[in-house]
Amino acid sequence: MKLPVTELLEDCNVEYIALGTPDAAMADRVKARVLNELAHRRKPRILRLRRRLRMTLLVAAVLLLFGTVAYAAGLFRVEAQELTPDGESPQTWLLHDQSGDEVSLFVGDRSERALAFSFSGDTPPHEVEFRPGWLPEDPTFWLPESQPNGDLFGTPPWDWAPGEDDWYRYLIDDREREAIGTWTDGDGQVDSGIPYLIVAEYAYEKQILVLNGAGAEDIVKHEVWEDYEVYEIRCAKDIYLRPDGEAEQHVQSYENYVLLFSRSGGYMINIGGSLPLDTLEHIARELEVRDTGRELIYPNPSGDYRPNLINIVRG
Amino acid sequence: MDEKELLRRIRKGDTDALQQIIDGYSGYVYAIVKNIIQPPLQPEDIEEVVSDVFLRLWEKAETVDADRLRSWLAAVTRNRAKDKLRALHLSLPLEEDVLDCAVEGPEEDALRREAGRIAREAVGSLPEPDRSIFLRFYYLYQKTGDIAAALHMKPAAVRARLSRGRERLKAMLEERGIGHEAACH
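Residues numbered from 1 in each chain as written. Chains lettered and ligands numbered in written order. Predicted model: local features only at pLDDT ≥ 70, side-chain atom pairs only at ≥ 80, totals over all residues. Heavy atoms only, no water.

Asks: Describe the overall build of chain B, naming the residues involved and giving the relevant values.
Replies: When its secondary structure is counted, chain B shows 8 helices and 1 strand. Taken from N to C terminus, the helices and strands of chain B fall in the order α-α-α-α-β-α-α-α-α. Looking at the 185 residues of chain B, the share that counts as buried comes to 49%. Entry remark: accessible area of chain B is about 8500 Å², with carbon and sulfur atoms responsible for 47%. (Helix = DSSP H or I, 4+ residues; strand = E, 2+ residues; numbered from the N terminus. Buried < 20%, exposed > 50% of the residue type's maximum accessible area, 1.4 Å probe, protein only. Areas by Shrake-Rupley, 256 points an atom, 1.4 Å probe, with all protein chains shown as cover.)

Okay, structure coming up:
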């Protein structure tokens, strides 16, 4: 393991060390830039509210005139809750829905804890594509922007290679890391995990996004970035190994997640992996996302809750 | 300057208070950014990063301890400057000064954190001026010539004390079981 000395010295007390000299002209330029940015941050919210109001009035006018259903800008809401094990059945958790009723969810992959996100809105979500502005290393596999016929699950031709201007709906760095041991059942090598995966999830009706191995106290950051409600989570992962093929060993590893919930688009970008949270956050902050305009409808005739694991797993 | 009062006002949205902080600390922040990113970047790039740091202060004022404002600014400045270099795929300074320890595997994260804690303890245990020299060089990225000038020493003396600091750091890591002697160099 390489330990750069500069990296070891994070967050040191340097109160007594003076550096630099006052430069009034430079300070004035910095103040001007900062104040301009703060003013600019205030304006777009006001402009967006005005645009939304204008759009709402226009849509109402269209409805009135033509009597047809038109797309109305709606908001998507996200709520996190820690699930409690349903003592009755294995691999089943209890969720409290919006009415406060308990709902039993069969997730199929049990850990000690689970964090669930209900993500819902009044209108169907729109499909999105993304383009990374920064990555710590190249991806090993990707799926390009989806086709206009709405084929979400197609794969590219094997001789297709991405270009700099390409957009994606799935990106992963799945490169092999050094093995740290074998699984306890002796089947296959274990490595330190997938460095990163970037994929979108959507606010489908009654879909519950579940992150296994995490609890409420693992939410490292919960904040708002423009349109996104952002959760940064450090999720423990238990690994049971036989490092030398003999004695069983339990180690705890971590997977980190930066989840970007779009409040206007109904999509969630999951940037997760074994890389440190600040690296994943860097990827997230530099990621461009675009709305394809295609509505996604995932029929739910039974009306039941549908759990969907968002963990990044390597088999 | 009463940092506590200024931060209190910043938390309430007072931009005049933010401007006073910028007047007092922009030179400090500028110096750190310049140490990290110039060359190859230009003065306007430095000022962009400096501005980002004070915007971050505006956003995070609730969490900043007024008694450690300078340290907070230094930490954020380092991160922002390094992000700038990474965004342009440029190499970071001093990354080649590494301790190479034979520890691998899923415990790397925990060991890295423990090594960081031990490193801060090791630096804290250094006598002056060794501690100042070590922090100026490895934390604030100041060049040995500038450190020598600031502390009225010869550059060779600064380099010798840096070497001593690194040896002490390695010894403390080894004492605590981070790596082993044969592999830690």
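Asks: Any details on the overall build of chain A? Residues and values, ideally.
Replies: A tally of helices and strands in chain A yields 3 helices and 19 strands. Out of the 315 residues in chain A, the part that is buried amounts to 43%. Of all intrachain contacts in chain A linking residues separated by at least 6 positions in sequence, the fraction that spans at least 24 positions is 66%. (Contact = heavy atoms within 4.5 Å.)

Asks: I'd like a description of the pattern of salt bridges, backed by residues and values.
Replies: Taken as a whole and assessed by the stated rule, the structure comprises 25 salt bridges over all chains. Put simply, Glu47(B) and Arg29(A) hold a salt bridge, and the shortest N to O gap is 2.6 Å. With Glu47(B) in helix α3 (residues 43-60) and Arg29(A) in helix α2 (residues 24-66), the pair connects residues from two separate chains. Classification of Glu47(B) by relative accessible area gives buried; the value is 9%. Accessibility expressed as a relative area gives 44% for Arg29(A), which makes it partly exposed. Across the salt bridge formed by Arg131(B) and Glu128(B), the nearest N and O atoms sit 3.5 Å from each other. Glu128(B) sits in the partly exposed class, given a relative accessible area of 40%. One network of salt bridges, in which partners are shared, links Lys221(A), Glu223(A), Glu281(A), Arg285(A) and Lys60(B). (Salt bridge = Lys/Arg side-chain N within 4 Å of Asp/Glu carboxyl O.)

Asks: So, the sheet that holds strand β13 (residues 207-212) of chain A: which residues are in play, and what are the values?
Replies: Residues and elements named next belong to chain A. Reading across from one edge, β2-β6-β13-β19 is the order of the 4 strands in this open sheet, with mixed pairing throughout. Across the chains shown, the open sheet's two edge strands, defined by having one partner strand only, are β2 (76-82) and β19 (306-309). Shown here is a sheet whose adjacent strand axes are inclined to one another by a mean of 25°, direction ignored. (Pairing = 2+ DSSP bridges. Axes fitted to C-alpha atoms, helices over the stretch in contact; angles between N-to-C directions.)

Asks: Outline the packing of aromatic side chains, supporting the account with residue identities and numerical values.
Replies: Residue and element names in this part refer to chain A. Enumeration over the complete set of coordinates arrives at 10 aromatic pairs over all chains. Aromatic pair Phe 117 and Phe 261: ring centres 5.3 Å apart, planes at 35°, arrangement tilted. Here Phe 117 is found in strand β6 (residues 114-121), whereas its partner Phe 261 is found in strand β16 (residues 249-262), with 144 residues between them in sequence. Classification of Phe 261 by relative accessible area gives buried; the value is 1%. Aromatic rings pair up to connect Phe 76, Phe 117, Phe 119, Tyr 231 and Phe 261 into one cluster. Seen from the ring of Trp 225, Arg 285 lies directly overhead, with NZ or CZ sitting 3.9 Å from the centre. Of note, Arg 306 hangs over the ring of Tyr 298, and the distance from its end group to the ring centre comes to 4.0 Å. (Phe/Tyr/Trp six-rings, centres within 6.5 Å; stacked < 30°, edge-to-face > 60°. Lys NZ or Arg CZ within 6 Å of the ring centre and 35° of its normal.)

Asks: Which residues make up helix α7 (residues 144-151) of chain B, and what are the values?
Replies: All names here are of chain B. Turning to α7, its buried residues are Thr 144, Ile 147 and Ala 148. Seen end-on, α7 carries its buried residues on one side only, within an arc spanning 100°. Those residues of α7 that are buried lie in contact with α6 (130-138) and α8 (155-175). Two residues or fewer past α7, His 152 is found with a positive phi of approximately 55°. (Arc of directions from axis to C-beta.)

Asks: Which residues make up the nonpolar core, and what are the values?
Replies: By size, the foremost hydrophobic cluster in this structure holds 71 residues, and its most contacted members are Tyr28(B), Phe54(B) and Leu57(B). The biggest single contributor to this core is helix α2 (residues 15-37) of chain B, with 13 residues. Apart from the residues within four sequence positions on either side, Tyr28(B) is in contact with Val14(A), Ile17(A), Leu19(A), Arg70(B), Leu73(B), Ala74(B) and Leu140(B). Core analysis: the next-biggest nonpolar cluster, separate from the first, contains 27 residues, Ile198(A), Leu277(A), Ile283(A) and Leu296(A) among them. (Core = buried A, V, L, I, M, F, W, Y, C linked by side-chain atoms within 4.5 Å.)

Asks: Any chance you could break down the environment of Ala18(A) for me, citing the residues and the numbers?
Replies: You can see Ala18(A) is positioned in the loop between α1 (5-8) and α2. By relative accessible area, which is 51% here, Ala18(A) ends up exposed.

Asks: Quick one: what's the story with the sheet that holds strand β4 (residues 92-96) of chain A, residue by residue and with numbers?
Replies: All names here are of chain A. Within the open sheet, the 3 strands sit side by side as β3-β4-β5. Their pairing is antiparallel. At either margin of the open sheet sits one strand with a lone partner, and together these are β3 (84-85) and β5 (102-106). By the bridge criterion, 2 bridges tie β3 to β4 in an arrangement that is antiparallel. Within β4, the residue paired with Thr 84 across the bridge is Leu 94.

Asks: Before we move on, could you go through the interface of chain B and chain A and cite the residues and values that matter?
Replies: Taken together, the contact between chain B and chain A spans 71 residues of the former and 42 residues of the latter. Interface area for chain B against chain A, summed over the two sides, is near 5300 Å², with a carbon-plus-sulfur share of 59%. The interface formed by chain B and chain A includes 3 salt bridges. Put simply, Glu223(A) and Lys60(B) hold a salt bridge, and the shortest N to O gap is 3.1 Å. (Buried area = accessible area lost by both parts, 1.4 Å probe.)

Asks: If you had to explain unusual backbone geometry to someone new, which residues and values would you point to?
Replies: Of the consecutive residues Glu128(B) and Pro129(B), the connecting peptide bond is found in the cis state with omega at 5°. Mapping Pro129(B) onto the fold places it in the loop between α5 (108-124) and α6. One non-glycine residue, Lys206(A), lies in the positive phi region at around 60°. Structurally, Lys206(A) can be placed in the loop between β12 (196-202) and β13. A relative accessible area of 33% places Lys206(A) in the partly exposed class. Of note, the phi angle at Tyr141(B) is positive, near 60°, even though the residue is not glycine. Here Tyr141(B) shows up in the loop between α6 and α7.

Remember that the coordinates give geometry; whether it matters functionally is a separate question.
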